[in-house]
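A structural walkthrough
Next come the chains, spelled out residue by residue.
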Amino acid sequence: MISPRVRTGVLGLALLTALSSPATATAAAPAAPGSAAPPTVEELRLDGAAPQEILRRSGFDTVAPAFARALDRARSYAEARRVVEREGSALWRRAVDRVQGRGPAGGDLSRDDDRPLYWARLGMTRELRGWKPRFGLNAERRARLADTLEQTSRGQTAIRYPHGKGLKRVLVTGFDPFTLDRDIRISNPSGAVALALDGTVIETASGPARVETAVFPVRWRDFTDGTVERALRPHLPEVDLFTTVSQGRVGRVDVERTNGAWRGGFGDNENTGRPEIVPVSDPASQPQWTSTTLPYAAIAAAETGRFPVYDNTAVTEIPAGGTESVERPDGPTPGSTARAGGGGDYLSNEIAYRATLLRDRLGLHGTLPGGHVHTPVLEFGAGNTTEVTDPQFVRNRLDIVAQVRAIVAVAVSASERVSASERARG
């Protein structure tokens, strides 16, 4: 999820191609207040051959129809809310279980695939949007149900750590697929990471670490509405380390050193976007830059997998007193205005900015390691321009997931060593 403003030498293939691709999905006109709503831009893509094949070959094609039947049995708003909570949570658990090898595979699509969750969720949101219950349901209550469905089906309400000492607590986030009008088959390795690591224990040199995860949408409006802060605020004070994860550049992993308070406006999954400062609460105290507190040097130096890992210090800024953007390979200069963090000016930079700003506003900058990791672009095998999967595609995704798992282990161990050293000095 690197911005198109990032240097083309390392720009992710997904966005390079997307820049020349037209936005093909368009939403219908808004519905009148209180009535069923038309499908969104994202939901209109559901009828494509690739999404239908992904759903069918994973067994997730039954999710939306079953959800619609359950909704139709609801006789009140309270019943509908219970249905949404139950079915949204069940979708997240089912996706996690499938990726982690529990229960039936449901088809021949490889278990590591993150796409069944994405397309099944869209099927559910489309059913909810078009649902016409027997009782009155105004637009506000329908929106609340949709919000509940988004939170529960993304794992955002399922983050729980066991009590007791001796177990590190780690929070990892991923993203939905994106740039789907360029190639609707796209998978997002950060979403696959979230499904693969959720609820698992990673053995590190400092002892076991329990990982909890959540997935976020590739939509500017959700970020404007505070979805990141709402999901992370209850948990940052209790974890020992966090990292947001997204897809970045071809053939490399980047630990992003600096995040910028700027949206470049590249189109999201609803084909919307405009250049503007990242909107946050209390803008009067909003910094132009935030920084990682992950042990970036240790991560970059460790052998974690087949992709090279970089400590990425580059940003794009408008220098103090200036008017034109300048690329800075060694980070921002004093008083400058952000135009791109190390991770660009798209939603990956924004989740990193929001999460680290929240860390700082909670007073945790000096005690909580946290930041952003960009995975390599997940590429199909050579010559595959039509099939939804292939052996190289699966291998690439598995290798990326394994490498992020190893990076988390290194980060936990290195952070513990730093903490122990600081305690010894103090």
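Look up: the structure comes first, before these words.
Residues numbered from 1 in each chain as written. Predicted model: local features only at pLDDT ≥ 70, side-chain atom pairs only at ≥ 80, totals over all residues. Heavy atoms only, no water.

1. Structural notes on the sheet that holds strand E5 (residues 253-256)
Using the following cut-off: Pairs of strands are assigned from DSSP output, requiring at least two bridges between the strands. Each helix is a run of H or I in the DSSP string that is no shorter than four residues. Each strand is a run of E no shorter than two, and both are numbered from the N terminus. For helices, the axis comes from a line fit to the C-alpha atoms of the stretch in contact; other axes are also lines fit to C-alpha atoms, and the angle between any two N-to-C directions lies between 0 and 180 degrees.
On the basis of which strands lie adjacent, the open sheet formed by seven strands has the order E2-E3-E1-E4-E14-E5-E10 and mixed pairing. Across the chains shown, the open sheet's two edge strands, defined by having one partner strand only, are strand E2 (201-204) and strand E10 (309-312). The average angle at which neighbouring strand axes cross in this sheet is 30°, direction not considered. In this sheet, strand E14 (residues 370-375) lies alongside strand E4 (residues 241-247) in parallel orientation, the contact comprising six bridges. Counterpart to Thr243 in the pairing with E14 is Gly371.

2. Things to note about the nonpolar core
As a reminder, the rule being used: Put simply, buried Ala, Val, Leu, Ile, Met, Phe, Trp, Tyr and Cys residues joined by side-chain atoms within 4.5 Å make one nonpolar core. Here's how the labels work: a residue is buried when its accessible area is under 20% of the maximum for its type, exposed when over 50%, partly exposed in between, all with a 1.4 Å probe on protein chains only. Working rule for contacts: check all heavy atoms of both residues, and any pair within 4.5 Å makes them a contact.
Counting residues in each nonpolar core, the largest one holds 68 residues, and the members touching the most others are Phe67, Trp119, Trp131, Leu145, Val170 and Ile299. Per-element accounting of this core gives the leading share, ten residues, to helix H13 (residues 391-425). Beyond its immediate chain neighbours, meaning those up to four positions away, Phe67 contacts Val83, Val84, Glu87, Met124, Glu127, Leu128 and Leu149. Among the nonpolar cores identified, the runner-up in size contains 24 residues, and Val218, Val228, Leu232 and Leu364 belong to it.

3. Some details on helix H8 (residues 189-197)
Summarising burial for H8: nine of the nine residues are buried, a large majority. All of the buried residues along H8 are Pro189, Ser190, Gly191, Ala192, Val193, Ala194, Leu195, Ala196 and Leu197. Phi turns positive, to about 75°, at Gly199, one or two residues after H8.

4. Quick word on the pairing of E5
Across the two faces of E5 the burial is the same, with Val253 and Val255 and Asp254 and Glu256 all buried. With four bridges joining them, E5 and E10 adopt parallel strand pairing. In the strand pairing of E10, Val253 is matched with Val309. Summarising the sheet, E5 and E14 pair through three bridges and their orientation is antiparallel. Within E14, the position partnered with Val255 by the bridge is Val373.

5. What to know about helix H6 (residues 115-130)
Cut-off, in case you're wondering: The span you would expect from a helix comes to 1.5 Å times its residue count less one.
Helix length check: H6, at 16 residues, gives a terminal C-alpha distance of 23 Å against a target of 22 Å (1.5 Å per residue), a fit within 8%. Among the 16 residues in H6, twelve count as buried, and that is most of the element. Within H6, burial applies to Arg115, Pro116, Leu117, Tyr118, Trp119, Ala120, Arg121, Leu122, Gly123, Met124, Thr125 and Leu128.

6. Focus: the side chain of Thr258
Residue position: Thr258 is located in strand E6 (residues 258-260). For Thr258, a relative accessible area of 8% corresponds to the buried category. Those residues in contact with Thr258 that sit more than four places away from it in its chain are Trp289, Thr290, Ser291, Val315, Pro332, Gly341 and Gly342.

7. Side note on the sheet that holds strand E11 (residues 315-318)
Taken together, three strands build an open sheet; the order of strands is E12-E11-E13 and the sheet is antiparallel. In this open sheet, the two strands that pair with only one neighbour each are strand E12 (326-328) and strand E13 (337-340). Pairwise comparison of adjacent strand axes, ignoring direction, gives a mean angle of 40° for this sheet.

8. So, the packing of aromatic side chains
For clarity, the cut-off: Here a pair means two rings of Phe, Tyr or Trp (six-membered ring of Trp) with centres within 6.5 Å. Their orientation is stacked below 30 degrees between planes, edge-to-face above 60, and tilted elsewhere. We count a charge as sitting over a ring when the NZ of a lysine or the CZ of an arginine lies within 6 Å of the ring centre and within 35 degrees of the ring normal.
With the rule as written, the count across this model stands at eight aromatic pairs. Considering the side-chain rings of Tyr118 and Trp119, the 4.9 Å spacing of their centres and the 70° angle between planes classify their relative orientation as edge-to-face. Comparing Tyr118 with Trp119 shows no difference in burial state: the two are buried. An aromatic cluster of at least three residues, connected via ring pairs, comprises Phe178, Trp220, Phe266 and Tyr346. Against the face of Tyr77 rests Arg141, its NZ or CZ located 4.3 Å from the ring centre.

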